[in-house]
Amino acid sequence: MRVVFMGTPEFAVPCLQKLIDCGHEVTGVFTQPDKPQGRKMILTPPPVKQLALEYGIPVYQPTKMKDGTALEMLKEADPELVIVVAYGKILPKEILDYPEFGCINIHASLLPELRGAAPIQWSVINGLKKTGVTSMQMDEGLDTGDMLIKGEIKIGENDTAGEMHDKLSVLGAEILEKTISLLLKNELKPKKQNHDKFTYAPMLSKELSPIDWNLTACEVHNKIRGLCPWPSATAVLNGKKVKIHRSVLSDCKGGSAGEIIQTGKNLVVSCGDGKCIEILNIQAEGKKAMSAADFMRGNPVEIGDRFK
């Protein structure tokens, strides 16, 4: 089958690799324009582009989708099917309608739950026990199309968004392979979403980072792991901003919101419900991330000090 793949970040790479490995004719890859990265702001191609170039696949990087330029590029690639995985652009109707078999999206949630840009992170922040991947026949709405296949995966109590990202990217490739296999056999059974039960997963920003210690210990813990590795949960300790990357729920109780009730090997902090979290990994401004024990060796912390 002639396929055009549209995707940008690392999450989409296993899906493109799966198309290649399964022997589909990938006639083109659409991805976001190269962007400056790092301290030296070196212009860097997206991960999907890097993989496409390794296999000699034509790469298209339109800056706009609705001015006709992208449609002309698509006509040049002339696909029977378009696969979209974390592309980062909304497709206009003329592109959705062009391929014979339409456009199929691989979305990292169990739709209609968590439509939007950051489903993986919000599944963790919201404290869900499971999530998954849904393949979907795309329409003009935001993740509103008919569902095709779902795959579920558990979210562990201490799993971070970064860890779930890696698991779901692999699952996404498996779901993609199954979806195309059924498509070729004409055995797909699209199912409409229950639009009354949708939830939304908005794009992340650093404005989400500050921890509200008045929340329950479970909510604070979920936020820390849901914002890891980016944009990271933050707090202020003794007048200095820190990033908190890893935590676990503690059996300790007592103290007021944000109060440190145990130091030494552990850095245990009370939350709004009187229960506590144990901070495992923390990062001072301008420093590398380190264990809480190492942090306390270089940053005097006493019982009764308070995170704000």
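Above this text sits the structure in question.
No experiment lies behind these values; they were computed from the predicted model shown.

J.: Quick question: what am I supposed to make of unusual backbone geometry here?
T.: With the exception of glycine, most residues fall at negative phi, and the peptide bonds are largely trans. For the bond from Leu111 to Pro112, the omega torsion is 10°, close enough to zero to count as cis. Inspection of the secondary structure assignment puts Pro112 in the loop between β7 (103–107) and α5 (119–125). Put simply, Trp230 and Pro231 share a cis peptide bond, and its omega is 5°. Within the secondary structure, Pro231 sits in the loop between α7 (217–226) and β10 (233–237). Residue Asn186 is not a glycine yet carries a positive backbone phi of 60°. For Asn186, a relative accessible area of 72% translates into the label exposed. Even without being a glycine, Ser232 presents a positive backbone phi close to 80°. Here Ser232 shows up in the loop between α7 and β10.

J.: What exactly am I supposed to notice about the packing of helix α1 (residues 13–21) against helix α2 (residues 47–54) here?
T.: Helix packing geometry: the angle between the two helix axes and the distance between the axes. Remark: α1 packs on α2, axes separated minimally by 9 Å, with the N-to-C direction vectors making an angle of 20°. Considering the angle they form, α1 stands roughly parallel to α2. Crossing hand, α1 versus α2: right-handed. Contacts between α1 and α2 pair Val13, Leu16 and Gln17 from the former with Pro47, Val48, Leu51 and Ala52 from the latter. The class makeup of the residues in the contact of α1 with α2 is 6 nonpolar, 1 polar and no charged.

J.: Got a minute to help me understand the nonpolar core in this structure?
T.: It is characteristic of soluble globular proteins that their nonpolar side chains tend to be buried jointly. Among the nonpolar cores identified, the biggest contains 37 residues, and Phe5, Leu16, Leu19, Val29, Ile83, Val85 and Leu168 are the most heavily contacted of them. Take this core: its biggest share by element is 8 residues, from helix α6 (residues 161–184). In this structure, Leu168 is in contact with Phe11, Ala108, Ile120, Thr131, Gly132, Val133 and Ile153, ignoring residues within four places of it in sequence. Ala118, Leu227, Ala235 and Ala284 belong to the second largest nonpolar core, which has 30 residues in total.

J.: Help me understand the sheet that holds strand β9 (residues 147–154), please; the structure alone is not making it clear to me.
T.: For sheets, the rule is that strands pair by backbone hydrogen bonds, running either parallel or antiparallel. Here 7 strands make up an open sheet; going across it, the order is β5-β2-β1-β6-β7-β8-β9 and the pairing mixed. Unpaired on one side and paired on the other, β5 (59–60) and β9 mark the two borders of the sheet. With 7 bridges connecting them, strand β8 (residues 130–137) and β9 associate as antiparallel partners. Following the sheet pairing, Val133 is matched in β9 by Gly151. Lying over the sheet, helix α3 (residues 69–77) contacts β1 (2–7), β2 (25–30), β5 and β6 (81–85), oriented at roughly 165° with respect to β2.

J.: I keep staring at a nonpolar patch on the surface and nothing clicks. Help me out?
T.: There is a patch of nonpolar side chains on the surface, built from Leu142, Phe198 and Tyr200 and spanning about 310 Å² of accessible area. As for its position among the elements, Tyr200 is in the loop between α6 and α7.

J.: Would you mind showing me how to read the environment of Gly286 here?
T.: Among the secondary structure elements, Gly286 is positioned in the loop between β14 (275–284) and β15 (290–291). Considered as a pair, Gly286 and Gln193 are 93 residues apart in the sequence and their alpha carbons are 46 Å apart.

J.: Explain the side chain of Asn105 to me, please; I cannot follow it from the model alone.
T.: With respect to the secondary-structure elements, Asn105 resides in strand β7. Residue Asn105 is classed as buried on the basis of its relative accessible area of 6%. A polar atom in the side chain of Asn105 sits 2.8 Å from the backbone oxygen of Val84. Non-local contacts of Asn105, meaning those with residues more than four positions away in its chain, are made with Val84, Val85, Thr134, Ser135, Met136, Met138 and Asp143.

About the criteria used
- Residues numbered from 1 in each chain as written.
- Predicted model: local features only at pLDDT ≥ 70, side-chain atom pairs only at ≥ 80, totals over all residues.
- Heavy atoms only, no water.
- Helix = DSSP H or I, 4+ residues; strand = E, 2+ residues; numbered from the N terminus.
- Buried < 20%, exposed > 50% of the residue type's maximum accessible area, 1.4 Å probe, protein only.
- Axes fitted to C-alpha atoms, helices over the stretch in contact; angles between N-to-C directions.
- Parallel < 35°, antiparallel > 145°, perpendicular 65-115°, else oblique.
- Left-handed = near helix turned anticlockwise from the far one by under 90°.
- Contact = heavy atoms within 4.5 Å.
- Nonpolar A, V, L, I, M, F, W, Y, C, P; charged D, E, K, R; others polar.
- Core = buried A, V, L, I, M, F, W, Y, C linked by side-chain atoms within 4.5 Å.
- Pairing = 2+ DSSP bridges.
- Patch = residues over 30% accessible without salt bridge, like charges linked within 9 Å, V, L, I, M, F, W, Y side chains within 5 Å.
- Areas by Shrake-Rupley, 256 points an atom, 1.4 Å probe, with all protein chains shown as cover.
- Salt bridge = Lys/Arg side-chain N within 4 Å of Asp/Glu carboxyl O.
- Polar contact = N/O pair within 3.5 Å; in protein donor to acceptor, adjacent residues only side chain to side chain.

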